[in-house]
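Spelled out, the chains give:
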Amino acid sequence: MIRVLIADDQALVRAGFKMILEAEPEIEVVGEAEDGQEAVEMIRDLRPDVALMDIRMPRLNGLEATREVVNNSSSEHPTRVLMLTTFDLNEYVYEALRAGASGFLLKDVPADQLVAGIHVVAQGEALLAPSITRRLIEEFASNAPIDRTPPKEMDELTPREHEVFKLVARGMSNAEIAAELIVSETTVKTHVARILMKLHLRDRVQAVVYAYESGVSQPGATE
């Protein structure tokens, strides 16, 4: 059973998500919060597996709430945060990734994608569609503070892992990377897991942020 908390200041949005999720036998909605502060407090007490978090909320916005949730989550039972956003990516999205969000869902997401996304994140994976990653990189990464000297941890990656890392940073899925490198998806998944471990990154989202902030990859690069 995947335990989910919904945080959004719009009652109709919360009701809509709850109705969809309660129809799923493997998902339980354990709480609803109407602002960021309430979300942080409820997540601390209820320890849900996944929190759906709106970016713009009163008292404490979704960005600050996400940072608090991620920093205070236990390593044994972390709460994964899925940010709720509108179609137009706004200036908060890049910061939300840096704060530790595990991905994004559009507020008008189809029901099946909402459910699938929650399952993905609950399993410890990042939910960041390649299309969103590419838009994110285009809109925000070029404005991020960049240290042009690659971190020393990069030296621990093998040549193949360097290749995979740069493709991940371009927003490519495991299937796309496998096709590009002519290897199996299982092999790609193994490479990604080793990259995250060596670079001390939590998930694929952090890997994208890391690649662009460190200057390992540049916006618009295709190599």
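Here's a quick rundown of the structure. (Residues numbered from 1 in each chain as written. Predicted model: local features only at pLDDT ≥ 70, side-chain atom pairs only at ≥ 80, totals over all residues. Heavy atoms only, no water.)

**Describing the pairing of strand β4 (residues 80–85)**
The buried fraction of β4 is high, at six of six residues. Every second residue of β4 is oriented toward a common face, with R80, L82 and L84 on one face and V81, M83 and T85 on the other, all of them buried. With five bridges joining them, strand β3 (residues 50–54) and β4 adopt parallel strand pairing. Residue V50 lies in a different strand from β4, and its bridge partner there is R80. (Buried < 20%, exposed > 50% of the residue type's maximum accessible area, 1.4 Å probe, protein only. Helix = DSSP H or I, 4+ residues; strand = E, 2+ residues; numbered from the N terminus. Pairing = 2+ DSSP bridges.)

**A few points about helix α5 (residues 111–122)**
Along its twelve residues, α5 runs 17 Å from first to last C-alpha, staying within 8% of the 16 Å computed at 1.5 Å per residue. Within the span of α5, buried status applies to L114, V115, G117, I118, H119 and V121. Structurally, α5 contributes buried residues whose contacts are with β1 (2–7), α1 (11–22), β2 (27–33), β3, β4 and β5 (103–106). G124 occupies a position one or two residues after α5 and carries a positive phi of about 95°. (Expected span 1.5 Å × (residues − 1). Contact = heavy atoms within 4.5 Å.)

**Quick notes on the sheet that holds β5**
Taken together, five strands build an open sheet; the order of strands is β2-β1-β3-β4-β5 and the sheet is parallel. Where the open sheet ends on each side, the last strands, each with one partner, are β2 and β5. If you compare each strand with its neighbour and ignore which way they point, the axes differ by 25° on average. The sheet contact formed by β1 and β3 spans four bridges and is parallel. In the strand pairing of β3, A7 is matched with M53. The strands touched by α5 within the sheet are β1, β2, β3, β4 and β5, with β3 carrying the most contacts at an inclination of about 125°. (Axes fitted to C-alpha atoms, helices over the stretch in contact; angles between N-to-C directions.)

**Notes on the packing of helix α8 (residues 174–181) against helix α9 (residues 185–198)**
Closest axis-to-axis distance for the α8/α9 pair is 8 Å, and the angle between their directions is 110°. Considering the angle they form, α8 stands roughly perpendicular to α9. Between α8 and α9, the contacting residues are N174, A175, I177 and A178 on the first element and E185, V188, K189 and V192 on the second. Residues belonging to the contact of α8 with α9 are distributed by class as follows: five nonpolar, one polar and two charged. (Parallel < 35°, antiparallel > 145°, perpendicular 65-115°, else oblique. Nonpolar A, V, L, I, M, F, W, Y, C, P; charged D, E, K, R; others polar.)

**Re the packing of aromatic side chains**
Applying the stated criterion across every chain yields a total of one aromatic pair. Ring centres of F165 and Y210 lie 6.1 Å apart, and the angle between their planes is 65°; on these two criteria the pair is classed as edge-to-face. Remark: Y210 occurs in helix α10 (residues 204–213) and F165 occurs in helix α7 (residues 159–169); sequence separation between them is 45 residues. This pair shows no difference in class: F165 is buried, exactly as Y210 is. (Phe/Tyr/Trp six-rings, centres within 6.5 Å; stacked < 30°, edge-to-face > 60°.)

**Quick look at the pattern of salt bridges**
Per the stated rule, a full pass over the model turns up eleven salt bridges. A salt bridge links E64 to R67, with the nearest nitrogen and oxygen atoms 3.0 Å apart. Remark: R67 and E64 occur in helix α3 (residues 62–72); sequence separation between them is three residues, near one turn of the helix. By sharing partners, the salt bridges in this structure join R14, K18, E22 and E32 into a single network. (Salt bridge = Lys/Arg side-chain N within 4 Å of Asp/Glu carboxyl O.)

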